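A structural walkthrough
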Amino acid sequence: MTEESGGGTRIGVDVTFLCMDRPPPGAPLALPEGYSIRRVCRPGVAWYRGLYDAVGHDYCWWLRRVMPDHQLATLLSSPGIGVHVLYDGDAPAGFCELDSRYGPDVNIAYFGLLPAWVGRGVGRAFLDQMVATTWRLRPAVVRVNTCTADHPRALPNYLRAGFRKVRTIHEIWTIPDTLGLPLPERLRMD
């Protein structure tokens, strides 16, 4: 993707695709006291972008930042898109976006915590709860992917949750400089 109004920085990432073809055994980890997960139906574009940017800022999440508002609004209003927000009391702590538009598979399109909640021990329980929620949709397979721009614990957490690696590919992304994202030096190609 290129940006007409300015340049971009090329980064190289290894993207790992994972899947789960049966629900994990046992009950999912419980959320810590005071936490809850709430589904947000048809979130507004500005609200969604704020949450997306807050969670993904440090991990090169950029695709939804450059998506035109009308396209994002159409996507978010699709019955196959489910936005689930992790709350610590009344404060958003993270979110998970499920995409079931291409059934019978369900894709965990986005999953993450806001920076202040990383390392508090809630991420694994949130992931377990979202995997359980996804299986209630009765998919044939649950899919997720992560990359070397994501938090270093992302891949190990997906594997511990019961996902298995399908393949890893190398991709080159051109991230628009106007987004002001902190791009890790280890990923830069320019």
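Structure: above.
Attention here is on the structure that accompanies the text. No experiment lies behind these values; they were computed from the predicted model shown.

This brings us to the side chain of D150. With respect to the helices, strands and loops of the structure, D150 is situated in the loop between strand 6 (142-147) and helix 5 (154-161). Buried D150, no salt bridge; nearest opposite-charge side chain is R186, N-O distance 8.7 Å. One polar contact links D150 to W61, side chain to side chain, over a distance of 3.4 Å. Apart from residues lying up to four places away in sequence, D150 is in contact with Y59 and W61.

This part covers the layout of surface pockets. For the largest pocket, the calculated volume is near 1000 Å³. Looking at the lining of the largest pocket, the elements with two or more residues in it are strand 1 (8-20), helix 1 (45-56), helix 2 (63-66), strand 5 (106-113), helix 4 (123-135), strand 6, helix 5 and strand 7 (164-176). In terms of residue count, strand 5 provides more of the lining of the largest pocket than any other element does, 7 residues in total. Considering only residue class, the lining of the largest pocket consists of 23 nonpolar, 9 polar and 7 charged. Considering only enclosed or pocket space, the second largest pocket measures out at about 200 Å³ in volume. If you go around the second largest pocket, you meet 14 residues; those closest to its centre are P24, G26, A27, P28 and D128. If you list the elements that add at least two residues to the lining of the second largest pocket, you get helix 4 and helix 5. Among the elements that line the lining of the second largest pocket, the one with the most residues is helix 4, at 5 residues. Looking at the lining of the second largest pocket, its residues break down into 9 nonpolar, 1 polar and 4 charged.

Our focus in this paragraph is the packing of aromatic side chains. Taken as a whole and judged by the stated rule, the model has 9 aromatic pairs. For the pair Y52 and W61, a centre-to-centre distance of 5.4 Å together with 45° between the ring planes defines the contact as tilted. Given a relative accessible area of 10%, W61 falls into the buried group. Each ring, one from W61 and one from Y110, has its centre 5.0 Å from the other, and the planes form 55°; the classification is tilted. In this pair, W61 sits in the loop between helix 1 and helix 2 while Y110 sits in strand 5, placing the two residues 49 residues apart along the sequence. Across the pair, exposure class does not vary: W61 and Y110 are buried alike. Feature note: the residues Y48, Y52, W61, F95 and Y110 constitute an aromatic cluster, connected by ring pairs. In this structure, R38 is placed above the aromatic ring of Y87, and the distance from its NZ or CZ to the ring centre is 3.9 Å.

Each value, and the rule that gives it
Residues numbered from 1 in each chain as written. Predicted model: local features only at pLDDT ≥ 70, side-chain atom pairs only at ≥ 80, totals over all residues. Heavy atoms only, no water. Helix = DSSP H or I, 4+ residues; strand = E, 2+ residues; numbered from the N terminus. Buried < 20%, exposed > 50% of the residue type's maximum accessible area, 1.4 Å probe, protein only. Lys, Arg positive; Asp, Glu negative; His and termini not counted. Salt bridge = Lys/Arg side-chain N within 4 Å of Asp/Glu carboxyl O. Polar contact = N/O pair within 3.5 Å; in protein donor to acceptor, adjacent residues only side chain to side chain. Contact = heavy atoms within 4.5 Å. 1 Å grid on protein atoms, 1.4 Å probe; cavity = no way out; pocket = protein on both sides within 12 Å on 5 of 7 lines; lining within 4 Å. Points joined across faces, edges and corners; volume = space filled by probe spheres on them. Nonpolar A, V, L, I, M, F, W, Y, C, P; charged D, E, K, R; others polar. Phe/Tyr/Trp six-rings, centres within 6.5 Å; stacked < 30°, edge-to-face > 60°. Lys NZ or Arg CZ within 6 Å of the ring centre and 35° of its normal.

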